[in-house]
Amino acid sequence: MPTTLNNIAKQGANGAAMMPVIQGVGRAAIEIAAVLRGAVFRGALGGAGSENVQGEQQQMLDVLSDEIFLDEMRSTGFVCAVGSEEQEELLVIEEYSHADYLVLVDPLDGSSNLDVDGPVGTIFSVVKRKTPNSDTPHVSDTLQSGKEVIAAGYVLYGPSLMMVCSVGDGVHGYTFNPGSARFELSHGDIRIPETGGYYSVNESNKDKWLDGMGDHLDRMKADTGLGMRYVGAMVADMHRTLLKGGVFLYPADEKNTTGKLRLLYEAIPMGFIMEQAGGKAMSSGIAVLDIEPEALHQRVPVYLGSHTNVDSLLG
Ligand code: P6P
């Protein structure tokens, strides 16, 4: 009998509590995947004519994915609020404002790839509220370091539909089986190779990088001769790094002086997964999971991957 998402319940101290939330993410993933597959026929590709809090042009599918994800978190009955890349403020789920958990999410990461049929993803992280259950959840409930994360993971909308997640007891990959219409365990206990063959970065920004990262990269390339792969969607670049080893980086630069990637719903969930898989997750001089968040949409530099490659880069 293939192992499905239900096997989450048997993983470590948080498994049973997290199973309904992870299953909710799985339902959202299946719905979002169906919307993506049919988008071109419904004129749903392209801009929504609005900007998100980041000042980025929202794609129509960003908005729809956000709505789908929120609905599925509501349907779990375990989530009191959602912090989303697509929403300026924390979204309180009124019917369950007494529930224990908050979810941070990038509902459709890399959506600029959509109109060229490139891979995109969903990235999520789960934390337990700090405020009393009788209170209304507050944005301060989301401002917890990666050491407090209960569960995290990502969905990859690629040639296959995959979920990679952890509840703190290793990293496991599930692939959607159209035959059974369920996610089934396909990559049990993922461990990142100690060293890998690729670095992954938007090298066109190199001349604008801060903290001398251009020199660091030049030295690593000269020392290691690594190949380069870059998709431009964090989930795809992270997934390749996780399975093949190597390093993914997005340094701070003159335009994004604190980095481009968001701490709460990109860096921390990916850092959690990376460390659970035996890899390393650094920001500027500090481990990603040690950063004490100060704002819902805070951005940080990110260096994720195999220990050997991250150490070779940061030197
Ligand atoms: P650039 C997508 O917009 C995203 O947030 C991540 O998925 C990705 O890693 C990064 O930005 C790509 O940024 O500047 O290379 O297009």
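Everything quoted here is computed from the prediction, not taken from an experiment. (Residues numbered from 1 in each chain as written. Predicted model: local features only at pLDDT ≥ 70, side-chain atom pairs only at ≥ 80, totals over all residues. Heavy atoms only, no water.)

This part covers the site of the ligand. The local shell around the ligand holds 13 residues, among which Asp109, Asn202, Tyr230, Met234 and Tyr250 are the closest. Contacts to the ligand include tyrosine 230, whose side-chain N or O atom sits 2.5 Å from an oxygen atom. Between arginine 262 and the ligand, the recorded distance is 3.5 Å, taken from a side-chain N or O atom to an oxygen atom. Taken by itself the ligand offers 400 Å² of open surface, and the protein chains cover 81% of this. (Near = heavy atom within 4 Å. Polar contact = N/O pair within 3.5 Å; in protein donor to acceptor, adjacent residues only side chain to side chain. Areas by Shrake-Rupley, 256 points an atom, 1.4 Å probe, with all protein chains shown as cover.)

In this section: the layout of surface pockets. The computed volume of the largest pocket comes to approximately 450 Å³. Along the wall of the largest pocket there are 26 residues; nearest its centre are Glu56, Gly110, Ser112, Gly232 and Lys260. Those elements giving two or more residues to the lining of the largest pocket turn out to be strand E2 (57-59), strand E5 (101-109), helix H4 (234-244), strand E13 (247-250) and strand E14 (261-262). Class assignment of the residues belonging to the lining of the largest pocket gives a composition of 7 nonpolar, 9 polar and 10 charged. Both domains that furnish three or more residues to the lining of the largest pocket are identified here as domain 1 (5-187) and domain 2 (198-314). Every residue lining the second largest pocket is counted, 14 residues in all, and those nearest its centre are Leu36, Arg37, Leu114, Asp117 and Gly118. (1 Å grid on protein atoms, 1.4 Å probe; cavity = no way out; pocket = protein on both sides within 12 Å on 5 of 7 lines; lining within 4 Å. Points joined across faces, edges and corners; volume = space filled by probe spheres on them. Helix = DSSP H or I, 4+ residues; strand = E, 2+ residues; numbered from the N terminus. Nonpolar A, V, L, I, M, F, W, Y, C, P; charged D, E, K, R; others polar. Domains from an automatic or database assignment.)

Take helix H3 (residues 213-224) next. Given a rise of 1.5 Å per residue, 12 residues ought to cover 16 Å, and the 16 Å separating the end C-alpha atoms of H3 matches this to within 8%. Restricting attention to buried positions, one finds in H3 the residues Met213, Gly214, His216, Leu217 and Met220. Buried residues in H3, looked at end-on, bunch into an arc of 160 degrees, giving them a common side. Those residues of H3 that are exposed and angled more than 90 degrees off the buried face are Asp215, Ala222 and Asp223. In this structure, the buried side of H3 is in contact with strand E11 (198-200), E13, strand E17 (302-305) and helix H6 (307-314). Immediately beyond the C-terminal end of H3, within one or two residues, lies glycine 225, with a positive phi of roughly 65 degrees. (Expected span 1.5 Å × (residues − 1). Buried < 20%, exposed > 50% of the residue type's maximum accessible area, 1.4 Å probe, protein only. Arc of directions from axis to C-beta. Contact = heavy atoms within 4.5 Å.)

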